Structure formats: structure tokens, C-alpha cells
Amino acid sequence: MLLVSALQTLVVPVVANIQADLGVSATSASWVVTANLLAAAVLTPMLGRLGDLYGRRPVMLGVLVVVLAGSVLAATTSSLPLLLVGRVAQAASFGLFPLSIGVLREELPPARLTGAMATVSGMLAVGAGIGLTVTGLLMQHGGDYHQLFWLATALSAIGVAGVWTLPKRAAVATGRLDWIGAGLLGLGLVLLLMPLEEGNSWGWGSAKVIGCLIAAVVVLAVFLLAERRITQPLVTTRMLTHRPLVIANVAGLFLGFAMFAIFLAVSYLVQTPPSITGYGFGSTVLAASVVYLLPGSIAGVVTAPLGGRLVGRFGPKTTLITAALLAAAGFGMLIVLHSATWQIIVGAFAVNTAVMFGYAALPALLIANVSPAETGIANSVNSIARSIGMSLGTAFVVTMLTRNLIPGAPVALPQESQYTTIFAIGAIFGVLAAALVAWALPAPARPT
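Let me sum up the structure you'll find in this document.

About the thresholds
Residues numbered from 1 in each chain as written. Predicted model: local features only at pLDDT ≥ 70, side-chain atom pairs only at ≥ 80, totals over all residues. Heavy atoms only, no water. Helix = DSSP H or I, 4+ residues; strand = E, 2+ residues; numbered from the N terminus. Contact = heavy atoms within 4.5 Å. Axes fitted to C-alpha atoms, helices over the stretch in contact; angles between N-to-C directions. Parallel < 35°, antiparallel > 145°, perpendicular 65-115°, else oblique. Left-handed = near helix turned anticlockwise from the far one by under 90°. Nonpolar A, V, L, I, M, F, W, Y, C, P; charged D, E, K, R; others polar. Buried < 20%, exposed > 50% of the residue type's maximum accessible area, 1.4 Å probe, protein only. Core = buried A, V, L, I, M, F, W, Y, C linked by side-chain atoms within 4.5 Å. Phe/Tyr/Trp six-rings, centres within 6.5 Å; stacked < 30°, edge-to-face > 60°. Lys NZ or Arg CZ within 6 Å of the ring centre and 35° of its normal.

Next up on the list: the environment of Ala-373. In this fold, Ala-373 is placed in the loop between α17 (341–367) and α18 (375–401). On a C-alpha basis, the gap between Ala-373 and Ile-230 in space is 17 Å, while along the polypeptide they are 143 residues apart. Ignoring sequence-local partners within four residues, the contact set of Ala-373 consists of Arg-49, Asp-52, Val-172 and Ala-173.

Next comes the structure, spelled out in C-alpha cells:
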């Protein structure tokens, strides 16, 4: 999971370096991030289902070999098309999360399962913060971005060695992969994510954005209709309508939004020069990662297992409500307190901890409501929900910070009110998420 989340964030801060090194436009360079996300949307549900059908271990090994090859290609090429091929191959790593949850369900006794799932899920948030920090360290003196892909290569090799030691188990499901459903779902998600990623450059009211969103609705509606008529669908109708599963996916969307909104907003805020704007700290990229964001990520080594204890003691419903309210509190604090270093660290720490707790609760909520044969695809759908939330968080922050600029500033810098609006929206979403979980999920059963 460290590999999965690190691959999501390692490249984000160096898009400008890639643009300069390859001599391409900013739009072309941004596809290094976009292509990875779009490919992940297509591959994740397919890989989760293949793990159910053919066994987790062989599919995980195949995924890691593909990621290893993609990392080597990205580390050795200076061609944008080949770099994009490498990033598409790395997108297969997103499928490791549902496969890993399936492995835990197969290998561990119930008494240990909740804590283990919480730790593995928490590594998604830990790795994201570590990825940003490692990028800052390697690039602080104008380093070569290819080093980041060599790091990914090393992590992939370690992953292959580790998965090789897993015991061989029989598949938990029978049948075949629903290629029609996989194709429709992949196309619909690409049409949905594309405008979220490119909306700021295309223009949010442009024909491209509106057309893609309308097409996404149409394709996903066709997907739902098709799944009702297929004997062995990729995603069962129950998985899309059963209230606990729907709430788990909505919560995943919020947690993805919160994680990337806090990463980006804090990173931009602390790098703002106070001599020009009257706010901010004028930090470097490295300081923004190490001083302000890394504490919350490193603490995840402790808070992720703690989230598992909360799930085991109080159940996933109470843990999700706690996570949403803690995120709301962290965002709420930053609305009024963001002028001192400790205030930023505490606010970001609260939101990061909330994400850890939420990630701990989601797998427990999912496996309590699906059969072993649906474990992979259920967690895949939830991974997609989190990815959509991350895209929404990224698009929202970027859009807000490119509006209402300070007049006469030598560089484009937003008014301080733009940051307070971001934090306010995060707080409101947290309260709404807590209310939705409290209202929609049934009362937790007594833990056993």
C-alpha cells in the first residue's frame, strides 16, 4: 500500500520538471498524472474481480511485475509517449488494495482481521505523505526526476519478493470476467474523471467538460442496465443499491476529497510569500512537506492501528462518524487559525488522522456486507470512489486558488479568503458526511 499511494503522489510535484526536461507543453506534461489516474479507473475493478476468480497471489504477482516494468521504463526514458506508457503500467498498482484486503480476509482469523485491514488501509494515507516528502528531498537541489521512478522500481521489486512468500489459495469465485461491464465501467469512469482533471485548463463551462460529464452519465446508466441483464455481472445490483455499501462509497469519496484538499491547500498556503500577500510562510517545497504534512503522515503508523481498535470496539459506523467530525474540526480550526506554524500542523494532523480512521473503517464495513467472492470487486469500487474524491479535491483546490487573485502581484497569488473558503467547504462536507452515516447506516451490532 505504501507503493500504491507513493506512486500517486511522487510525480505530482515534479510535473513542471518533466515539462522542462522533455520540452513539452504544461498540458502535455500534466498527462503524466492524468493518464495514470484514468488507467487506474479502468484497471482497478478488473483486477479486483480477477483476484476473486483466479486467486489473489498470482494476480498480485502479475500486477507487481507490470508495475516494475512500467517503473523501469519511466526511469530510463526521455520520451513523453514512453513515459505515459510507463505511467499507465504503474496504474495497475491501484488494484493491489482490493487484492490485499482479500488476502487478509483469507489468511487471518476474525480477531485479527479488523486491525490488519486498518493498518493496510492506513498505509494509503501514510504513503501519500511520504511520497510528497521523498520527492521534496530528492528534488531539493534540482535533482533528476528519474530518481523517483528508480525508487518506485525498488519498491516494486520488494513487493514482488514479499508477495511471492504468500501461501497459494484456491479462487473464491467461479465464472468469468464480465468484459462488457468492465468496458462500460472503464469508459464511464474515464469520461467522468477526465473533466475533473482537465476542467481548469479546458474551462469548467466549456463544451468539452459538459460533453464529457453528460457522456459519463449516459455510459454509466447503460452500464447499470447491462449489469442487470448479465448472468455473472462485474458489479451486482445489490452492490450498487445496498445501503451500507452505498454509504461506504460516499464516505470513501469524502475521505479522498479531504486528503488531497488538505495536502494541496496546506502546501500552497505555506509556500505563499507573506511579503506580497500578508499571509503564508514563504516555505520551500521541501519544508512544506517535511514540516507541515509529514507529521500527520508518519503518525499514521500509530493512528491507523488505533483506527482498527476503534472499529473493533465500537464498529465501523461510530468510527466513520468520528472520522468525519474530526476532519470537520481540523478544517474548521484552519478557517480561523492559520497564521502560525503549529496551527497548520495541528489542523493538517487532525484531517490526516480522520482519513486514517475512515480508511480503517471502510474495509470492515464492506466485508461485513459482501461475500468472500465479492471482496475484491467491492473494495475496487470503493477504491474508485476514493480516487474520484481525490480528483474532486484536487480540482476544487486548484480552481479556488486560480480565482480572485491579488491585483498587482508580481505572480498569480490568491486572496487569503480563497483558503478560508476551501477549509470551510471541507468542514461542511465533514459535518454532512457524519450526519449521512449516522442517519443511513443501521445501528452497530455488538462487536464479537
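With that settled, consider the packing of helix α12 (residues 243–271) against helix α19 (residues 416–440). At a closest axis distance of 10 Å, the pairing of α12 and α19 adopts a crossing angle of 165 degrees. One finds that α12 runs roughly antiparallel with respect to α19. Crossing angle aside, the handedness with which α12 passes α19 is left-handed. Note on element contacts: α19 touches α12 through Tyr-419, Ile-422, Phe-423, Ile-425, Gly-426, Phe-429, Gly-430, Ala-433, Leu-436, Val-437, Trp-439 and Ala-440, opposite Arg-243, Ile-247, Val-250, Phe-254, Phe-257, Ile-262, Ala-265, Tyr-268 and Leu-269. Residues belonging to the contact of α12 with α19 are distributed by class as follows: 18 nonpolar, 2 polar and 1 charged.

The next subject is the environment of Val-222. Relative to the elements of secondary structure, Val-222 occurs in helix α10 (residues 207–229). With a relative accessible area of 40%, Val-222 lands in the partly exposed category. Along the sequence, Val-222 and Pro-81 sit 141 residues apart, while their C-alpha atoms lie 32 Å from each other.

With that out of the way, let us pick up the nonpolar core. By size, the foremost hydrophobic cluster in this structure holds 118 residues, and its most contacted members are Met-259 and Phe-423. Look past the residues within four positions of Phe-423 in its chain and what remains in contact with it is Ile-262, Ala-265, Leu-269, Phe-331, Leu-334 and Ile-335.

Quick look at the packing of aromatic side chains now. Enumeration over the complete set of coordinates arrives at 6 aromatic pairs. Relative to Phe-149, the ring of Tyr-145 has its centre 6.4 Å away and its plane inclined at 85 degrees; by these criteria the two rings are edge-to-face. Across the pair, exposure class does not vary: Tyr-145 and Phe-149 are buried alike. The interplanar angle of 65 degrees and the centroid separation of 5.7 Å between the aromatic rings of Tyr-279 and Tyr-419 together place this pair among those described as edge-to-face. Within this pair, whereas Tyr-279 is found in the loop between α13 (274–277) and α14 (285–298), its partner Tyr-419 is found in helix α19, the two being separated by 140 residues in sequence. In terms of burial, Tyr-279 and Tyr-419 fall into one category: buried. In textbook terms, an aromatic cluster arises when at least three aromatic residues are bridged by ring pairs, as seen for Phe-257, Phe-396 and Phe-429. Between Arg-57 and the ring centre of Trp-164, over which it is positioned, the NZ or CZ distance is 5.1 Å. Here Arg-243 stacks its cationic end above the ring of Trp-439, 5.4 Å away from the centre of that ring.

That is the geometry; function is a separate question.
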